[in-house]
Amino acid sequence: MVKIWRISLTAILLSMLIGTVLFAADNRHYVNARFGFSVDVPSSMYMKPAPANDDGRAFVDKATGLEIIASGSNNVMMSDAIGEAEMSVPDGTKSAVKSDKAKAEKDVTICWTEKNSVAWNRVILVTTPDNSDGVFIKVYAKYPKAKEQKCLDAVMAALKSLKSTVRPKTAN
């Protein structure tokens, strides 16, 4: 019985490792220098052209209808991460906070449904050490409810991979 348990555990760990390696190898690491963040998205997704202001990038998977938008924003002093994240939620739609509520002022992930689609938004508030300046870095994802099984892993990986690559300079 112990041998079977060890073999099963080894097989599970090996499959998780292989899955992680395959997923990592099949990712595109996008870095935004303007807002100092990075995010991983599946390399199979089409990367739309950058906007003129270089706020971020949109990635689309035409086969599943998944869209992931990685972006940044400067207007941070009038809001916290929760307020910024909820700006994407349509009026009258209830969202659910999917992250640690104690840290939600600086890092929040929310989820909601709209008609036949599911949307996720992760927002991180990155501030200077003296809190005089900062930026929001964000990942927004939306996909058809019917394709959730095919889209959810890519969405979760993108949401989890969002990271600040630099800290903003202290305001003068």
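Presented here is a report on the structure given in the accompanying data block. (Residues numbered from 1 in each chain as written. Predicted model: local features only at pLDDT ≥ 70, side-chain atom pairs only at ≥ 80, totals over all residues. Heavy atoms only, no water.)

### Considering the overall build of the protein
Each helix and strand in the protein was counted, giving three helices and ten strands. Every one of the 172 residues in the protein was classed for burial, and the buried ones make up 39%. Sequence-distant contacts, at least 24 apart, represent 50% of the contacts inside the protein between residues at least 6 apart. Surface summary for the protein: the accessible area is close to 10500 Å², and the carbon and sulfur share equals 58%. (Helix = DSSP H or I, 4+ residues; strand = E, 2+ residues; numbered from the N terminus. Buried < 20%, exposed > 50% of the residue type's maximum accessible area, 1.4 Å probe, protein only. Contact = heavy atoms within 4.5 Å. Areas by Shrake-Rupley, 256 points an atom, 1.4 Å probe, with all protein chains shown as cover.)

### Here we look at the sheet that holds strand 6 (residues 96–97)
Pairing is antiparallel across the open sheet formed by seven strands, whose spatial order is 3-4-5-9-8-7-6. The sheet is open, and its two edges are formed by strand 3 (46–47) and strand 6, each paired on a single side. Bridge count between strand 7 (residues 107–114) and strand 8 (residues 117–127): eight bridges; the pairing is antiparallel. Along strand 8, the bridge assignment pairs Ile 110 with Asn 121. (Pairing = 2+ DSSP bridges.)

### What to know about unusual backbone geometry
Glycine aside, a negative phi is what most residues show, and trans is what most peptide bonds show. A positive phi angle, close to 60°, is found at Asp 54, a residue other than glycine. Relative to the helices and strands, Asp 54 resides in the loop between strand 3 and strand 4 (56–61).

### Structural notes on the packing of aromatic side chains
Counted by the stated rule, this structure contains three aromatic pairs. Aromatic side chains Tyr 30 and Phe 37 sit 6.1 Å apart centroid to centroid with 65° between the ring planes, which places their arrangement in the edge-to-face category. Given the relative accessible area of 0%, Phe 37 is considered buried. Relative to Tyr 140, the ring of Trp 112 lies with its centre 6.2 Å away and its plane at 40°, an arrangement referred to as tilted. Here Tyr 140 lies in strand 9 (residues 134–144) and Trp 112 lies in strand 7, a separation of 28 residues in the sequence. By relative accessible area, which is 17% here, Tyr 140 ends up buried. (Phe/Tyr/Trp six-rings, centres within 6.5 Å; stacked < 30°, edge-to-face > 60°.)

### Quick notes on the pattern of salt bridges
For the coordinates displayed, the defined rule picks out five salt bridges. Between Glu 114 and Lys 142 there is a salt bridge, with its nearest N and O atoms 3.2 Å apart. Residue Glu 114 is located in strand 7, and its partner Lys 142 is located in strand 9; the two are separated by 28 residues in the primary sequence. (Salt bridge = Lys/Arg side-chain N within 4 Å of Asp/Glu carboxyl O.)

### Considerations on the environment of Ser 88
By secondary structure assignment, the location of Ser 88 is in the loop between helix 2 (81–86) and strand 6. Separated by 22 residues in sequence, Ser 88 and Ile 110 have C-alpha atoms that sit 9.9 Å apart. Residues within four places of Ser 88 in sequence aside, it is in contact with Trp 112, Asn 121 and Tyr 140.

### As for the layout of surface pockets
Quantified by volume, the largest pocket comes out at close to 160 Å³. Around the largest pocket sit Lys 98, Ser 99, Asp 100, Lys 103, Asp 107, Thr 109, Trp 120, Arg 122, Met 156, Leu 159 and Lys 160, which together line it. The set of elements that each furnish at least two residues to the lining of the largest pocket consists of strand 7, strand 8 and helix 3 (148–161). Per element, the largest residue contribution to the lining of the largest pocket is three residues, and it comes from helix 3. (1 Å grid on protein atoms, 1.4 Å probe; cavity = no way out; pocket = protein on both sides within 12 Å on 5 of 7 lines; lining within 4 Å. Points joined across faces, edges and corners; volume = space filled by probe spheres on them.)

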